[in-house]
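Descriptive structure summary
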There are 2 protein chains.
Amino acid sequence: VTVGFGTFTRDGGSPRLGFRKGDVVVDLGSGSLDGLLAQNRVVWERVTEGALANADAGDHCVPAESCVPLLPFTIADYVDFYSSLEHATNLGRLFRPDAEPLLPNWRHLPVGYHGRAGTVVVSGTPVRRPRGQALPPGADAPRFGPSARLDVELELGFVVGAPSRMGEPVPVGRALEHVFGVVLLNDWSARDVQAWESTPLGPFLGKSFATSISPWVVPMAALEPFRTAPATPPDAAPLEYLREEPWALDIALEIEINGHRVAATNARELSWSVAQQIAHLTVNGAHLRTGDLLGSGTVSGARREERGSLLELSWNGTEPFALGDGTERTFLEDGDEVVLRGVAGTGDDAVALGEVRGRIVGA
Amino acid sequence: VTVGFGTFTRDGGSPRLGFRKGDVVVDLGSGSLDGLLAQNRVVWERVTEGALANADAGDHCVPAESCVPLLPFTIADYVDFYSSLEHATNLGRLFRPDAEPLLPNWRHLPVGYHGRAGTVVVSGTPVRRPRGQALPPGADAPRFGPSARLDVELELGFVVGAPSRMGEPVPVGRALEHVFGVVLLNDWSARDVQAWESTPLGPFLGKSFATSISPWVVPMAALEPFRTAPATPPDAAPLEYLREEPWALDIALEIEINGHRVAATNARELSWSVAQQIAHLTVNGAHLRTGDLLGSGTVSGARREERGSLLELSWNGTEPFALGDGTERTFLEDGDEVVLRGVAGTGDDAVALGEVRGRIVGA
């Protein structure tokens, strides 16, 4: 069942805070999720219990299909990590074929960078194919035009609730006190733009045109039963400030294009935990703010069908894959609709993260 | 004379919008600069004229020395560019000694990346030396500890006022309609942390601990008389969307450590203009938001004493330079106080950007 807190509107009214459980949304009053985010775990759990009781009793409930989800919270800073071993390894194999695929820093720290907070959008928002500069193979000057290598990245997004104080690193063992919950995240990427622009300062316009998130933020407490060991811990002995019992979340993830499943993997493939990411992010004195969004990085497994991006699925465009409707893809075409899904558990106890949906509109 | 809009407090009161001219601040009422920023150039110029008249008449004026400057506006996204040819060339010489110093993309696009908006602070805020991971020379595993290579970067910061719409690129010829004004910016950098973490996704914790800006945002109109040609345009024929008559601002800039001037350069060294940076930033459909902060990148000139970072001044630590008080520096020591200053013009018509001040506190 889909559960989570979000912000919605009905019949063109002003934004309201809601808790979705399955087919209903409990209406928790006017405003967005921002106010609840800024509280703490004790309040979050009390409000969650109350909302669950309302949902079960049918109190303050409206049909989910009558609710238009809005961006659930105001994004403060958006950081995107790179925490799946198989994804980082695949990208190394593709772009540094003559070298060790994994860069030396990857096993020692959760590599990440800042993305554009202002272009995070809610599921359902159409994504316009970006224009930009790219260097055609063999050319010595860039061309300008619509991206020819538009891609998705299948990720989790962790939502920071309680802030921390500037200058005070958050210990790894206390990091989860700051995390309100989880969304699915599609880190749309224009690979040709990204390849040309990214040296030496990293991705910029190849990513900044849009990042989509699911509308209902699943509280961390709801995912507690699905803690498990990661497929591969990053390192046998990380530095002290990153040390904890390795853990991950057992969440089945998939990518669907035009109704056809093209990849299925699991969040267990994330080697670095969100607790380690937060300990790292704050160890230099940077603080967390309410509304910080932490992307996990693309989740990829070892097998081909477990790869969380088209870049990997098509091996940089060299191996087209079948959609199942008689067509093939390397990267996205105009009109394609991408849906990411995530579910923890099975049967009556399953917790669905909902979906992130986006259709590609021509440049 | 120092001019500009900012947010201040007096006697522990709530934030107020102010216009500083020299030794006085015109009190423009409660609130921050955010509201004025969100207007447009017509309103900005009308309010500026009114504030100047007030300052000259002594109306609503309080002594500047009685005002405690606050962060003048809420930072939306913070982007840092890399638009000084000499700086980019110096970094190439230092870190890729066997290759062409300038990377191929530099002449075709204003290279940039997103920084951390949440840790932008106002001048006067102490800067704690960050701790982090770094790879000692010759080592095969990182060590953790206080940064040993703490640095400054001398930059301008352009402040976005009027927003643009997602999906609608801002033409280069209309970009300045969105720019409210200019601050000085110190992009503090921990070079050892940055070197180890930055592949493949760019700077992260080496920069995210603090970025300082001057408190009084100088309106663009006040700098109009100081438009000039850049020292070096980036390229003879940039792509169409970046094409304009090359221009820069003639602003003398300097770095002072503990009262001793260690570098002096000029904003003419910025090859890419803020109009080109905005045209580039939005060409993929990303929009501007009120409060976006666009760092110019470190401003360096061709001569040694014109280099805008200690990394360049000390040639990556290999050439200590004298402070003038009998001591030498390669990078910053605890207790050092750094001041950046900027002035356009001379004599009675001079416009001062004020200063960015920060003292290093031990880790």
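Every chain is numbered independently, its residues counted from 1 as its sequence is written. Numbering of ligands from 1 and lettering of chains from A proceed in the order in which they are written. Two thresholds apply to this predicted model, a pLDDT of at least 70 for residue-level local features and 80 or more for giving and counting side-chain atom pairs, whereas whole-chain, interface and lining totals are computed over all residues. Think of the side-chain values as coming from all heavy atoms in the structure, minus any hydrogens and water.

1. Observations regarding the overall build of chain A
Rules: Strands are runs of DSSP state E lasting at least two residues, helices are runs of H or I lasting at least four, and both sets are numbered from the N terminus onward. Put simply, the radius of gyration uses C-alpha atoms, and a globule should come to 2.2 Å times the residue count raised to 0.38. When accessible area is computed with a 1.4 Å probe and restricted to protein chains, residues below 20% of their type maximum are described as buried, those above 50% as exposed, and intermediate ones as partly exposed. Throughout, a residue-residue contact means that at least one pair of heavy atoms, one from each residue, lies within 4.5 Å. Residue burial considers only the protein chains on display, and all accessible areas are found by Shrake-Rupley using a 1.4 Å probe. By the counting rule applied here, Lys and Arg register as positive and Asp and Glu as negative, while His and the ends of each chain are not counted. In this description, the location of a charge corresponds to atom NZ of lysine, CZ of arginine, CG of aspartate or CD of glutamate.
Scanning chain A from terminus to terminus reveals seven helices and 26 strands. The C-alpha atoms of chain A give 20 Å as radius of gyration, which agrees with the globular expectation for 363 residues (21 Å, within 12%). Of all 363 residues assigned to chain A, the portion counted as buried reaches 60%. Counting only contacts in chain A whose residues sit at least 6 apart along the sequence, the fraction spanning at least 24 positions is 71%. With an accessible surface of roughly 13,200 Å², chain A has 50% of that area assigned to carbon and sulfur atoms. The average position of the 31 basic charges and that of the 46 acidic charges among the side chains of chain A differ by 3 Å.

2. Looking at the sheet that holds strand S9 (residues 127–128) of chain A
Residues and elements named next belong to chain A. Formally: Strands are treated as partners if at least two bridges between them are detected by DSSP.
Spatial strand order, S9-S26-S25-S20-S21: five strands in an open sheet with mixed pairing. Each edge of the sheet is formed by a strand with only one pairing partner; in this case those strands are S9 and strand S21 (260–266). Here strand S20 (residues 251–257) pairs with strand S25 (residues 337–344) via seven bridges, running antiparallel. Bridged to Glu254 within S25 is Arg341.

3. Things to note about the packing of aromatic side chains
Applied cut-off: What counts as a ring pair is set by centres within 6.5 Å for rings of Phe, Tyr and Trp (its six-membered ring), and what kind of pair is set by the plane angle: stacked under 30 degrees, edge-to-face over 60, tilted for all other angles. In this scheme, the term charge over a ring applies when either NZ of a lysine or CZ of an arginine sits within 6 Å of the ring centre and within 35 degrees of the ring normal.
On inspection of all chains with the given rule, the structure shows ten aromatic pairs over all chains. Aromatic pair Phe144 of chain A and Tyr241 of chain B: ring centres 4.8 Å apart, planes at 35 degrees, arrangement tilted. Here Tyr241 of chain B lies in the loop between strand S18 (227–228) and strand S19 (248–249) and Phe144 of chain A lies in strand S11 (residues 143–146), a pairing that spans two chains. Here the guanidinium or amino end of Arg227 of chain A rests over the ring plane of Trp247 of chain A, the centre of that ring lying 4.1 Å away.

4. Thoughts on the relation of the copies chain B and chain A
Just so we agree on the cut-off: When the copies are superposed, the least-squares fit draws on C-alpha atoms of residues that have pLDDT of at least 70 in both.
Once chain B has been moved 0.0 Å along the axis and rotated by 180 degrees, it coincides with chain A to within an RMSD of 0.0 Å. The superposition operator between the copies reduces to a two-fold rotation axis. Scanning chain B for the C-alpha nearest the rotation axis identifies Gly202 of chain B, at a separation of 2.1 Å. Here 100% of the contact residues of chain B are again contact residues in chain A; the copies associate through an equivalent surface.

5. A word on the environment of Val159 of chain B
Residues and elements named next belong to chain B. You can see Val159 is positioned in strand S13 (residues 154–160). Between the C-alpha atoms of Val159 and Leu103, which are 56 residues apart in sequence, the distance is 28 Å. Not counting residues up to four positions away in its chain, the partners in contact with Val159 are Leu37, Phe73, His178, Val179, Phe180, Gly181, Val183, Val217, Asp292 and Leu293.

6. Things to note about the sheet that holds strand S1 (residues 3–9) of chain A
Residue and element names in this part refer to chain A. Heads up, the condition is: Every axis corresponds to a line fitted to the C-alpha atoms, with the helix fit spanning only the stretch in contact, and the corresponding angles, defined between N-to-C directions, vary from 0 to 180 degrees.
A sheet is described by the order of its strands in space; here five strands give the open sequence S4-S3-S2-S1-S5, paired in antiparallel fashion. Because the sheet does not close on itself, it has two edges, and the strands there are strand S4 (61–63) and strand S5 (68–70). Looking at each pair of strands side by side, their axes are set apart by 50 degrees on average, direction ignored. Note: S1 against S5, three bridges, orientation antiparallel. Bridge pairing in S5 places Thr7 opposite Leu70. Along the sheet, helix H2 (residues 41–57) contacts S1, strand S2 (16–21), strand S3 (24–30) and S4; its crossing angle with S2, the most-contacted strand, is approximately 65 degrees.

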